[in-house]
Amino acid sequence: MDHIRTPKVENVRWLDRLTPRRIAVGTLYLSSTHTIFVENSDARKETWVLHSLVGSVERLAGTPAGCPLLVRCKNFQVFQLLLPQERDCADVYASLAHLSRPERYGDLYCFSFQPNLDKEERERAWNFLDLLADFSRMGIPSNLWHATPANHEYRVCDTYPSELFVPKSASPAVIVGSAKFRSRGRFPVLSYYHRDTSAAVCRSSQPLSGFSARSLEDEQMLQAIMKSNPASEYVYVVDTRPKLNAMANRAAGKGYESEDHYSNIRLHFVAIDNIHVMRSSQQKLADVGDLRSPSMGDFLWGLENSGWLKHIKAVLDAGVFIAKAVAEEGVSVLVHCSDGWDRTAQACSVASVLLDPYYRTLKGFMVLMEKDWVSFGHKFSHRYAHLDGDPREVSPVLDQFLECVWQLMEQFPCAFEFNERFLLQLHTHVHSCQYGNFIGNSQKERKELRIRERTHSVWHHLWENRVEFINPLYRVDHNQTQGVLRPVTTPYCFKFWKNMYSPVERGVAMRLSDCLNAVREESQQLEEELDAHQEVPRETDAEQGIHTPTKHACLETTLALYPHATVPSHTHKLGQPSNICPPFLKNPRVLKLVTPP
Amino acid sequence: MEFAELIKTPRVDGVVLHRPFLPTVEGTLCLTGHHLILSSRQDNTEELWLLHANIDAIEKRFIGSLGTIIVKCKDLRIIQLDIPGMEECLNIANSIEALSTLDSVSLMYPFFYRPMFEVIEDGWNLFLPEEAFKELESMTDEWRLSEVNKDFSICPSYPALVTVPKDIDDDSLCKAATFRHGGRFPVLSYYHKKNGMVIMRASQPLTGTSGRRCKEDEKLINATLRAGKRGYIIDTRTIAVAQQAKARGGGFEQEANYPQWRRIHKAIERTNILQESLIKIVEACNDHSNSMDRWLSKLEASNWQSQVKEILTTACLAAQCIDREGASVLVHGTEGTDSTLQVTSLAQIILEPACRTVRGFQALVEREWLQAGHPFQQRCAQSAYSNEKLRSEAPVFLLFLDCVWQILRQFPCSFQFNEHFLVMLFEHTYASQFGTFLGTTAAERVKLKLSQKTVSLWSWVNRPQELERFLNPLYEPNSLVIWPSVAPQSLLLWEGVFLRWNRSTKCLDEAYEEMVHIIEYNKELQLKVWVRSSAAGQRRFMGPCISHMHILSL
């Protein structure tokens, strides 16, 4: 609590910048983990904001009404506080500025967050996902692919997981040789195996080829990948960088595979821009979402100028190319970018979502995130600025993957078991540091931090709350649920993700989804009631089940009552309260983050 | 004139038809006076049955003796016909061109169309002004139905019966009419039951540069104000445009002469600009080679979405004056037949739940568009592809429908009808077998004897078997005012119209069906439980479920 000089300020006004007409007056509390605002109104509505979700705090010029603080959250919520006293404002600013930028992993919220789970339950929650089971679901190991012990103890590559699958024909010498010839030792390994065609999606980092260097072992590695798919005579090497960037890397002794040295490869560039371009693009996009009453022209110009949708299209196109190669041509693909942990993760995971219906289920999507992003060393703590660090390492790489999935959901409304809220919730959790899953930059680092012993797993928590995340239109036997998705990527198919970047109110799609879920739930009750009748035809329970007022009507009522400036209460919940309530809060009501009221 | 004179080649075999999303078919092409028909010879079923009136433009191409006609329709669809034989192709093309640009109303298809169904409920008699007035009378006695325009001489674009303040006599109306563009003196558009506030509409006052005034006009609109109340005049034009109008004899209400009114200027565009906007957005949507940057820049340059935003914003303003400020509103632009109607009709959709039902919406279209003198026939003579010189074509009604769609999308449960209903209305305003949208004014429709000689669109739509397609399964009557968001992030491109022929809606249609299935299944269970409990002698409250069933079995 050293950094909290003023833990409580009264008569604070709270403004949502997107809904300037609604101003709440209340008391502001600072705890070591949350900013808490309790309205003076009868409802005593509480808004909790996790410090780790705070992206930036800005002091604006003082006004006669008070001293304003502008807080921008990493999930694009923006709010403004108006404090009556200059001194309080300075204190709160200093505290927030410090608390929102922890310097050590140990300071992160996940290490102090204690949900009601005993040790055994915590362990079970961590074992909720099983990546080996996913590989065996794909048919791996097989007579052509097997697990290699090469990276046990992270001997060959400290950013890879310890369990890796490679072609059976690749000898340990080939693996080690190939690793030496790849940036940071990230040699080609299996990411996804497509049973129907025996084609595989493999991933790696760029080769250290420079202008002429070659590695026999690395060439043999690619041969081995090709041979593991007996039906095909070549492999695609998908370099997800713009060709110019890839060529520039050659000067630094890196680069891409030469078709002269590697026999039977087909090189394909997909031109996804680097993390710096993406960072500035998203900043511009967030500015668009932030505009106060923009004209249509301002908005569309800003959208175009940000270049964001162009980048989203590039990522989706990369996934489409890979999925097509694997599913239609039956050809294996090796995907890489520079280090193989950003664009490569995007391309492989988009392809997997397109190829395999399992990854479009709630649990399957978690498995995919765990596999392609967490285990393969996507640098979560760097990219999402968990700790105070180099701002040039920060980039919305995962945001783009989540958005590709959202764009796909817009095209295939029945294909995904989960809904938009799940993606938004996941995005928030990646930034919130409430759970240990996304802490650190590699599996090795997480082991060293003893994440499994000291923190909790988000996957199990999301699963427990899955009723919130279910897409009512999803049906296991629906044709959109089956097989490979073939999205259209003409520019007009891409939309601005309003609920992510302009979160004013709960979006129509989410209200609709909630409404349909409510109807489905009611149907289930009715079914049960009918069954009960069948068993005991005379006995009826007059008041149960049937007279639940139709729920969707109420949803629109909410919106109609609050024209323009609607902020249903849950949008305020920017972070989750711990179950340990700050002692200074009298009578706090436990709020559930993932469950809107 | 005989249609036969225009048809040089009535029939060609071996024609190949290419259409969006459907397999190519080979068949026989036939031209009739009103239709282009293609039937595949296998089973004699028609593959294509296209009204000439729906054809906006055609293009001819030749490769050797194989001719190709690209037919661009007013509903924005583009089809291609490959016709063997240069002479046949030219003949067909010439005939289509002639038949699709017939100027005479009496030659239009609705005068020849005989319905294949029995007209149970005649749409022509459904929405009579007398009936609407009866409803008003039950709420207030401040208004009267005037017959001053019974021979359409006071205002040619008004209907025979108009609703005006009770205290204003016909003589005053005549005088006020001389002070308004086209004689469109202020009349009642909407009465807000909740607080008695009203929306009136008119055309611009003819103040001219000399600042003319008209006591009767002032008295007329002041008569709509309650004691001590102020009202708002919403001029749909910018102040600059309104100023310019003075030079041509038009103008706006001077504060000095209308002290009880506050004037607000908005910027809804006029006919030619709107038509250009339509042409540009359709061009942008049809160009598949666009990069993302180019697409967004074309979308912006078309200004279509800006028009939607401006119209909706103005309608929200009018509704806000009524419901929030408790003030009456007078809306006008220049003629009072276009932007004025967009605003008054959308404001009613926001304010009045009845307008969100199928019948209520039909009544709104009748009252605020057809009776109010929107010149459909002129505005919808050409669509986005036509190469003809523009006359007074403009997608005024389409923009209105687009705005309704935006509200519908934001309030998916508050409308009894669905998107298909709006798209269907769009199609029928441009080409139809029904007489509803023929003519430009009520007077002309009487003269054309439309109600005797043609079938009303509503007679067809309201048949249960047709209506079913247009009902929104999510509908729950919502008695509240609904305030749409007009932020650009909330307004989407209406894909159902603009991308309809460019991208398959299969997956979206399936999602819709899935949604219907969930709702229907729920109703089925509700009914079963109800039946069972009734049988067991227990009457239970069914609430909204029953009303739901009724609507669906309409």
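Residues numbered from 1 in each chain as written. Chains lettered and ligands numbered in written order. Predicted model: local features only at pLDDT ≥ 70, side-chain atom pairs only at ≥ 80, totals over all residues. Heavy atoms only, no water.

You'll find chain B entered in an unreviewed UniProt entry as Myotubularin-related protein 9, with Electrophorus electricus given as the organism. We quote the UniProt Sequence similarities (unreviewed entry) comment for chain B here in full: "Belongs to the protein-tyrosine phosphatase family. Non-receptor class myotubularin subfamily." (UniProt positions renumbered as here; feature names shortened; annotations may be inferred.)

Per an unreviewed UniProt entry, the recorded name for chain A is Myotubularin phosphatase domain-containing protein, and the organism is Electrophorus electricus.

A. Structural view of the overall build of chain B. From N to C terminus, chain B includes 21 helices and 14 strands. A globule of 554 residues ought to have a C-alpha radius of gyration of about 24 Å, and chain B, at 25 Å, matches this closely. Principal-axis analysis of the C-alpha atoms gives chain B an extent of 75 × 75 × 55 Å. Separation between the mean location of the 60 positive side-chain charges and that of the 66 negative ones in chain B comes to 5 Å. (Helix = DSSP H or I, 4+ residues; strand = E, 2+ residues; numbered from the N terminus. Rg over C-alpha atoms; globule rule 2.2 N^0.38 Å. Lys, Arg positive; Asp, Glu negative; His and termini not counted. Charge placed at Lys NZ, Arg CZ, Asp CG, Glu CD.)

B. Molecular detail of the nonpolar core. Within the largest apolar cluster, 211 residues are counted, with the highest numbers of intra-cluster contacts made by A:Phe365, A:Phe401, A:Trp459, B:Phe361, B:Phe400, B:Leu425 and B:Phe498. Looking at this core element by element, the count peaks at 12 residues for helix H9 (residues 308-329) of chain A. Looking at which domains feed residues into this core, each of domain 1 (3-102) and domain 2 (123-501) of chain B gives three or more. Leave out the neighbours within four places in its chain, and B:Phe400 touches B:Gln342, B:Ser345, B:Leu346, B:Ile349, B:Phe361, B:Leu364 and B:Trp369. Core analysis: the next-biggest nonpolar cluster, separate from the first, contains 26 residues, B:Val12, B:Val15, B:Ile58 and B:Ile92 among them. (Core = buried A, V, L, I, M, F, W, Y, C linked by side-chain atoms within 4.5 Å. Buried < 20%, exposed > 50% of the residue type's maximum accessible area, 1.4 Å probe, protein only. Domains from an automatic or database assignment. Contact = heavy atoms within 4.5 Å.)

C. Focus on the side chain of A:His378. Residues and elements named next belong to chain A. Mapping His-378 onto the fold places it in the loop between helix H11 (362-375) and helix H12 (380-383). What makes His-378 buried here is its relative accessible area of 1%. Leaving out residues up to four positions away in the same chain, His-378 has contacts with Trp-341, Asp-342, Trp-373, Arg-383, Tyr-384, Val-397, Leu-398 and Asn-441.

D. How the structure looks around the side chain of B:Gln204. Residue and element names in this part refer to chain B. Mapped onto the elements of the fold, Gln-204 is located in the loop between strand S11 (198-201) and helix H5 (215-222). Polar contacts involving the side chain of Gln-204 include one to the side chain of Arg-237, which spans 2.6 Å. With residues near it in sequence (within four places) discarded, Gln-204 still touches Phe-179, Arg-180, His-181, Arg-237, Ala-245, Gly-250, Gly-251, His-332, Gly-333 and Thr-334. (Polar contact = N/O pair within 3.5 Å; in protein donor to acceptor, adjacent residues only side chain to side chain.)

E. A look at the UniProt feature "domain: Myotubularin phosphatase" (unreviewed entry) in chain B. Feature annotation in UniProt assigns "domain: Myotubularin phosphatase" (unreviewed entry) to the following positions: residues 123-498 of chain B. With 44% helix and 8% strand, residues 123-498 of chain B has its two end C-alpha atoms placed 29 Å apart.

F. Looking closely at the sheet that holds strand S12 (residues 235-239) of chain A. Residues and elements named next belong to chain A. With respect to topology, 5 strands assemble into an open sheet ordered S10-S11-S14-S12-S13, the strand pairing being mixed. Pairing within the sheet leaves two strands with one partner each, and these edge strands are strand S10 (189-194) and strand S13 (265-269). The mean inter-strand angle of the sheet, taken between neighbouring strand axes irrespective of direction, is 20°. Of the strand pairs in this sheet, S12 and strand S14 (residues 333-336) are connected by 4 bridges, and their pairing is parallel. Residue pairing in the sheet places Tyr-236 in a bridge with Val-333 of S14. Strand contacts of helix H10 (residues 343-355): S10, strand S11 (199-204) and S14, with the helix running at about 160° to S11, the strand carrying the most contacts. (Pairing = 2+ DSSP bridges. Axes fitted to C-alpha atoms, helices over the stretch in contact; angles between N-to-C directions.)

G. Structural view of a nonpolar patch on the surface. Nonpolar side chains collect at one region of the surface, where B:Phe62, B:Met86 and B:Leu90 lie side by side and expose about 230 Å² of accessible area between them. For B:Met86, a relative accessible area of 41% translates into the label partly exposed. (Patch = residues over 30% accessible without salt bridge, like charges linked within 9 Å, V, L, I, M, F, W, Y side chains within 5 Å. Areas by Shrake-Rupley, 256 points an atom, 1.4 Å probe, with all protein chains shown as cover. Salt bridge = Lys/Arg side-chain N within 4 Å of Asp/Glu carboxyl O.)

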